[in-house]
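# Close look at the chain arrangement
What follows is the residue order along each chain.
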Amino acid sequence: MRPVCFPLMMLTLSLTAAPPSLSAQRPCSAEANRHFDFWEGRWMVRAATGALAGHNTLSLVLGECVLQEHYATPSGYEGKSLNIFDQTRGVWHQTWVDNQGALLQLEGGYQDDRMVMQSETVDAAGIVTLNRITWSRIDGGRDRVRQLWELSTDGGTAWTTSFDGTYIRLETGADWDLLIQGGTVMNGTGRPGFSADVAIVDDRIVRVSRTPLDPERASRTIDATGLVVAPGFIDLHAHLDPLLRLPGAESHVRQGVTTALGGPDGGGPWPFAEHLELAASVGVGMNVGFMVGHNTVRREVMGLENRAPTASELERMKGIVAQAMDEGAWAISTGLKYLPGAFSELDEVVALSEVAGRMGGFYTSHLREEGLGLLEGVGEALEIGKRANIPIVLTHHKVVGQPTWGASVKTLAMVDSARAAGTDAMIDQYPYTASYTGITILIPAWAMAGGTGDLFQRMEDPALADSILSGIKFNIINDRGGNDLRRVQFAIVRWDRSLEGKTLHDWAMREGLASTPETGARLVIEAVRRGGASAIFHAMSEEDVERIMAHPFTMIASDGRLTQPGEGHPHPRWYGTFPRVLGLYARDKGVISLEQAVRKMSTMPAERMGLRERGQLREGWFADVVIFDPATVADQATFEEPHQYPVGIGWVLVNGAIVVENGQYRNIRGGRVLRRGRN
Ligand SMILES: [Zn+2]
């Protein structure tokens, strides 16, 4: 705001008022926003003679109500200022410094259609000088502003003009690439939605304004009247394995997901850096990050052996975890229900998690058991968090199998008391009463040691075969089988596509067999013999799902795999998780408020990841944005017809790029590969 070099170097300064109290600062007011029109933008400054005085750029920084200024003249003079609106006193406070050592503090505000800033300086001889700078619009427009700088050495009676010139706004095309007008902003913090306009430049949100912004200043506008504008959703549990084949990630992006974390359930990629580079080289439709997977690491070092690691094997595993963390992994994931994680004891997992925790990661766990052994599984994860001193997530938290239904009362209480005792425990969840995984989950882990070859060898031994079959029968009755073959629905069956979507019961009928747990156990072995299958297990209760969702530390995550229409028979969560929570659970059932639903999908997972400048709709942060219709948003994918995109998600922006436009997906690769410590 200073057009000339001003001789302040020798001056000492006395403030006209005490600096504002930071604790009293509130979000920027409409009053302060009105002032930006005088300032924000790129300006050419001309003296009254018409001569070029310099160039000035004023831009918003650090969210609401903080402006940064940069002024430079052709002769090499350069100055910068920071301008903060103190809402408590309703004044702007400015600190100005320049490359000649001057420091000036000014205060002022907006009055009578003018912006006036003043300061008082005292020089070495004790002479007090008042500075008064006034900005006023020329002809009422926003592109030409007069700046008048006056000085007084007699306490403000007589004023002399130091500079009188004109700010001329530089037209560098539009000020904003995109303006989202008239929507209800739910900013991700859980606070009530408010109406605001959102302006975007390049990959950043630059304005969230409660007063309407001028659409003339934007290259493009979106009318969001009646719609919710929210931070893009962050999926903490995503199976991104098909990413190189489906880099556009349409099934995720169309749910409003702008960032997804891959490598869950112990299955992170290896070699880690190579995988990230490959993903970056194909270009991705949403932001992706990855976790290092315990099962991957154990398999790398020990194969599928059912024993504890030797000291040197443990050291090698720790080394792999450390390397992946160093290469940008966000967390360590375990899948203690799966192989070879099922063979590991607590000490091993603690030792590896300590490494990840020390390097800033968190721990996410597919529990050892989610049915009869659920409480022990939760206890083990909480114990790992405590002993390894690492923040944890109980991922896709659920209660499987009728005998255990209702146990979420206990598991949530366990999380609460662990938190009270200092363990940083959180939960994520998908909003369905059925789970999805390989059908081998029904086979006892000991029987799977060494892989399927060893399983069939054991089946040759009548005694072993008996206990394997009764183990499967037990799981059909008490665990994922839901005590009814109709509850096990085939998803992907490469060796017989006609079974996809059908149940174990349907298969038994087709073979002319009785629909009993015994038959089920034999068919499971048969399915594995023919090449395996994945299945949907309808074995949870709605009460548990809702109770878990309502818990204040539960986040939403899909556990979904990238897919596209026509590929097998996926779990509907792959297409519907986020809109289902917004529509069915927030709007229709009222299990949580819409603002809380958004928070559980954005701010909470971003904070768990330690993801910088994402997860909130906030000035200066990345323009990952979803615009949805709160009246119509809904999942469409069902267990019968899973290949259906949701409705009501009109717009999705990834790093400012419009990836979903008025409901239409655009295969542009707006995403980035995110690495911990670097993003
Ligand atoms: Zn899992």
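Structure: see above.
The notes below deal with the structure included here. (Residues numbered from 1 in each chain as written. Predicted model: local features only at pLDDT ≥ 70, side-chain atom pairs only at ≥ 80, totals over all residues. Heavy atoms only, no water.)

## Structural notes on the overall build of the chain
Scanning the chain from terminus to terminus reveals 17 helices and 33 strands. Dimensions of the chain along its principal axes, counting C-alpha atoms only, are 110 × 50 × 45 Å. Intrachain contacts of the chain at a sequence separation of at least 6 include 68% that bridge at least 24 residues. Carbon and sulfur atoms form 50% of the exposed surface of the chain, whose accessible area is close to 25,800 Å². (Helix = DSSP H or I, 4+ residues; strand = E, 2+ residues; numbered from the N terminus. Contact = heavy atoms within 4.5 Å. Areas by Shrake-Rupley, 256 points an atom, 1.4 Å probe, with all protein chains shown as cover.)

## Quick word on the coordination of the zinc ion
At 2.0 to 2.4 Å from the zinc ion lie its protein donor atoms, namely D265 (OD), D265 (OD), H366 (ND1) and H396 (NE2). Considering all four donor atoms around the zinc ion, angles at the metal cover 55 to 141° and the coordination shape is irregular. Residue classification places H366 among the buried residues on the basis of a relative accessible area of 2%. Residue H396 is classed as buried on the basis of its relative accessible area, which comes to 2%. (Donors = N, O, S within 2.8 Å, 3.2 Å for Na, K, Ca; no water. Tetrahedral: all angles 85-135°; square planar, octahedral: opposite > 155°, others 65-115°. Buried < 20%, exposed > 50% of the residue type's maximum accessible area, 1.4 Å probe, protein only.)

## Here's the deal with the sheet that holds strand β27 (residues 534-537)
Here we have three strands laid out as an open sheet, ordered β25-β27-β26, and antiparallel in their pairing. Of all strands in the sheet, those with a lone pairing partner are β25 (435-438) and β26 (488-490), marking the two edges. Here the average twist between neighbouring strands, direction ignored, is 30°. Across four bridges, β25 lies against β27 in antiparallel orientation. Counted as the bridge partner of T437 is A535 from β27. (Pairing = 2+ DSSP bridges. Axes fitted to C-alpha atoms, helices over the stretch in contact; angles between N-to-C directions.)

## Comments concerning the packing of aromatic side chains
On inspection of all chains with the given rule, the structure shows nine aromatic pairs. Here Y432 and F639 contribute two aromatic rings whose centre-to-centre distance is 6.1 Å and whose plane-to-plane angle is 80°, an arrangement assigned as edge-to-face. One end of the pair, Y432, is in the loop between β24 (425-429) and β25; the other, F639, is in the loop between β30 (625-628) and β31 (649-654), with 207 residues separating them in the sequence. Across the pair, exposure class does not vary: Y432 and F639 are buried alike. Ring geometry for Y436 and W574: centres 5.1 Å apart, planes at 75°, overall edge-to-face. (Phe/Tyr/Trp six-rings, centres within 6.5 Å; stacked < 30°, edge-to-face > 60°.)

## Considering the pattern of salt bridges
Here the structure, examined in full by the defined rule, presents 40 salt bridges. The partner of R307 in a salt bridge is E305, with the nearest N and O atoms 2.9 Å apart. What makes R307 partly exposed here is its relative accessible area of 29%. Note on E305: relative accessible area 40%, which makes it partly exposed. (Salt bridge = Lys/Arg side-chain N within 4 Å of Asp/Glu carboxyl O.)

## What to know about the pairing of strand β12 (residues 178-185)
Residues in a regular strand project their side chains so that they alternate between the two faces of the sheet. The pairing of β12 with strand β13 (residues 194-201) spans six bridges and is antiparallel. Considered in β13, the bridge of L178 is made with I200. Across two bridges, β12 lies against strand β16 (residues 228-231) in parallel orientation. Counterpart to V185 in the pairing with β16 is V229.

## Observations concerning the nonpolar core
Side chains of a nonpolar character, in soluble globular proteins, are inclined to be buried together. Among the nonpolar cores identified, the biggest contains 82 residues, and M286, V321, L582 and F628 are the most heavily contacted of them. By size, the runner-up hydrophobic cluster in this structure holds 34 residues, among which are A465, I472, L504 and A533. (Core = buried A, V, L, I, M, F, W, Y, C linked by side-chain atoms within 4.5 Å.)

## Side note on empty space enclosed by the protein
All chains considered together, the criterion is met by one cavity of 30 Å³ or more. The volume enclosed by the largest cavity comes to roughly 60 Å³. Along its surface, the largest cavity is lined by H396, H397, K398, V399, Q429, Y430, Y432, M540, D544, V545 and I548. Element by element, the count of residues in the lining of the largest cavity is highest for helix α14 (residues 542-550), at three residues. (1 Å grid on protein atoms, 1.4 Å probe; cavity = no way out; pocket = protein on both sides within 12 Å on 5 of 7 lines; lining within 4 Å. Points joined across faces, edges and corners; volume = space filled by probe spheres on them.)

## With respect to a nonpolar patch on the surface
A surface patch of nonpolar side chains, about 220 Å² in accessible area, is lined by L244, L278 and V282. Structurally, L244 is set in the loop between β17 (233-239) and α2 (250-253). Exposure remark for L244: the relative accessible area of 38% places this residue in the partly exposed category. (Patch = residues over 30% accessible without salt bridge, like charges linked within 9 Å, V, L, I, M, F, W, Y side chains within 5 Å.)

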